[in-house]
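In case you want the letters, here they are:
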Amino acid sequence: MTIGYTRPTKAIINREAIYHNIKKHQKLVGDDVDVFAVVKANGYGHGAVQTAQIAVQAGVNGFCVSLLDEALELREAGITLPILILGVIPPYYGAAAADEGISVTVPSYEWLEHATRQLIEDKPSQLPLRLHLGIDTGMGRIGFREVEELKQAIDFIQAHPTLLELEGVFTHFSKADSKDESYFALQQARFAEAMKIVPNGVRYRHTANSATTLWHDHWQSNMVRIGASMYGINPSGDELEPPFELEPAMSLETMIVHVKQVAPGEKIGYGATYETTENEWIATIPIGYADGFVRRFQGFSVLVDGEYCEIVGRVCMDQSMIRLPRKFEEGTKVTIFGENNGQVISLQAGAEHIGSINYEIPCVLSERVPLVYTH
Ligand SMILES: *Cc1c(COP(=O)(O)O)cnc(C)c1O
């Protein structure tokens, strides 16, 4: 993949924002609760290794990722802290995880049996393989739903102490980010029920993503898994107010590369969907859907010199057009997300425009957009 280093389109990542966000979470949960930074999906588009390095400086206790490949990327970068894979790895990769001291999620009894059979064959250099049992209390994604099957898995792990270690038990809430707490309460009750059969010595019990950490007192957790809020993204959109200020870490900036005055009645862009109504200053910015700037951003406004300028016509693959209030020089900075001359555009505003959530926008920025770190 070619990265557009010479193009003025950049995602600027404020290191201090991530650092401060982590510090505020640590303060909120207190010394008895470990903080694991979730850096899956290339750190929600902020750069997995770079984010992890900031998190190490901030004193996190470990990391969560989704894929084995993401865990290995951190190990290759020299990260030695605990890493937990939250997704389901194929059971025949257990040895690869064990070799690197990477903890894995157990989604079912069947997976556990399969992974163990394979582990006996593969003889990893490091054992035991550390396991976290996922409890599906109502997310409907992965994990144990029946107490019987959970009991079977715990017995199985205890019967294989040289191969397997029960390091954690966890669940994931689907509605911790909402004013309506009834479904959260149902999931809580189910987790409490499952925990009755979990042996006491298990190191980690964890239930808290960002939203649970911020608004539910990291319920029943001695470890929290913070993703969105570490990057300064409010996990509730704007439904709930965080207990402390979240500093957005990412800005998305580009530059006017072409500017012209267009007579009234002229069309702009593919499909000729926009027509000028007067003499209009139309500028072109070098960002498009191949950068992860999806076509639904048509009609959204970006900032030039503190003024809102609408994206007119369709977003192209590599470029988009904006309407200026007056002439600006080629080379003028354009802020798509972030601060520009006292005005701010949030990821949340973008998400509302495209009918999505704030998480998605940084995650889908393509590799072509370079990440530039400041502070
Ligand atoms: C992604 C993920 C998280 C982090 O979620 P945020 O809302 O970004 O804090 C925590 N736990 C699990 C199981 C996840 O998949």
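The rules behind the values
Residues numbered from 1 in each chain as written. Predicted model: local features only at pLDDT ≥ 70, side-chain atom pairs only at ≥ 80, totals over all residues. Heavy atoms only, no water. Helix = DSSP H or I, 4+ residues; strand = E, 2+ residues; numbered from the N terminus. Buried < 20%, exposed > 50% of the residue type's maximum accessible area, 1.4 Å probe, protein only. Contact = heavy atoms within 4.5 Å. Areas by Shrake-Rupley, 256 points an atom, 1.4 Å probe, with all protein chains shown as cover. Lys, Arg positive; Asp, Glu negative; His and termini not counted. Charge placed at Lys NZ, Arg CZ, Asp CG, Glu CD. UniProt positions renumbered as here; feature names shortened; annotations may be inferred. Domains from an automatic or database assignment. Pairing = 2+ DSSP bridges. Axes fitted to C-alpha atoms, helices over the stretch in contact; angles between N-to-C directions. Salt bridge = Lys/Arg side-chain N within 4 Å of Asp/Glu carboxyl O.

Colleague: Explain the overall build of the protein residue by residue, including any values.
Modeller: Scanning the protein for helices and strands turns up eleven helices and 20 strands. C-alpha atoms of the protein, sized along the principal axes, occupy 80 × 45 × 40 Å. Each of the 375 residues in the protein was classed as buried or not, and the buried ones make up 53%. Across the protein, contacts joining residues at least 24 apart in sequence account for 69% of those joining residues at least 6 apart. On the protein, roughly 16600 Å² of surface is accessible, and the fraction owed to carbon and sulfur atoms is 48%. Across the protein, 31 positive and 47 negative side-chain charges occur, with their mean positions spaced 1 Å apart.

Colleague: I'd like a description of the UniProt feature "domain: Alanine racemase C-terminal" (unreviewed entry) in the protein, backed by residues and values.
Modeller: Summarizing the sequence annotation, UniProt attributes the feature "domain: Alanine racemase C-terminal" (unreviewed entry) to residues 249-374 in the numbering used throughout. Secondary structure across residues 249-374 comprises 10% helix and 40% strand; the distance between its end C-alpha atoms is 10 Å.

Colleague: Lay out the domain arrangement of the protein with the relevant residues and their values.
Modeller: The domains assigned to the protein are domain 1 (15-231) and domain 2 (250-345). In this structure, domain 1 and domain 2 have C-alpha centres spaced 42 Å apart.

Colleague: With reference to specific residues and values, describe the sheet that holds strand S4 (residues 83-85).
Modeller: In space, the eight strands of this open sheet follow the order S8-S7-S6-S5-S4-S3-S2-S9, with parallel pairing throughout. Both outer strands of the open sheet, strand S8 (204-206) and strand S9 (223-226), are each paired with one neighbouring strand and no more. Strand after strand, the sheet turns through a mean of 25° between neighbouring axes, direction not considered. As defined by bridge partners, strand S2 (residues 34-38) adjoins strand S3 (residues 62-65) across three bridges and the pair is classed as parallel. By the bridge assignment, Val38 is partnered in S3 with Cys64.

Colleague: Now, about the pattern of salt bridges: what can you tell me, with residues and values included?
Modeller: With the rule as written, the count across this model stands at 15 salt bridges. Between Lys175 and Asp180 there is a salt bridge; the shortest N-O distance is 3.3 Å. On the basis of relative accessible area, Lys175 is assigned to the partly exposed category, the value being 30%. Residue classification places Asp180 among the partly exposed positions, given a relative accessible area of 37%. The shortest N-O distance in the salt bridge between Arg323 and Glu310 comes to 3.3 Å.

Colleague: How would you summarise helix H3 (residues 48-58) if you had to cite specific residues and measurements?
Modeller: Of the positions making up H3, those classed as buried are Ala48, Val49, Thr51, Ala52, Ile54, Ala55 and Ala58. The inward-facing, buried residues of H3 contact helix H1 (15-29), S2, helix H2 (40-44), S3 and helix H4 (68-76). With its phi angle positive at about 85°, Gly59 sits one or two positions after the end of H3.

Colleague: Please provide a residue-by-residue account of the environment of Glu352, values included.
Modeller: Within the secondary structure, Glu352 is located in helix H10 (residues 347-354). For Glu352, a relative accessible area of 49% puts it in the partly exposed group. For the pair Glu352 and Thr105, spaced 247 residues apart in sequence, the C-alpha to C-alpha distance is 33 Å.

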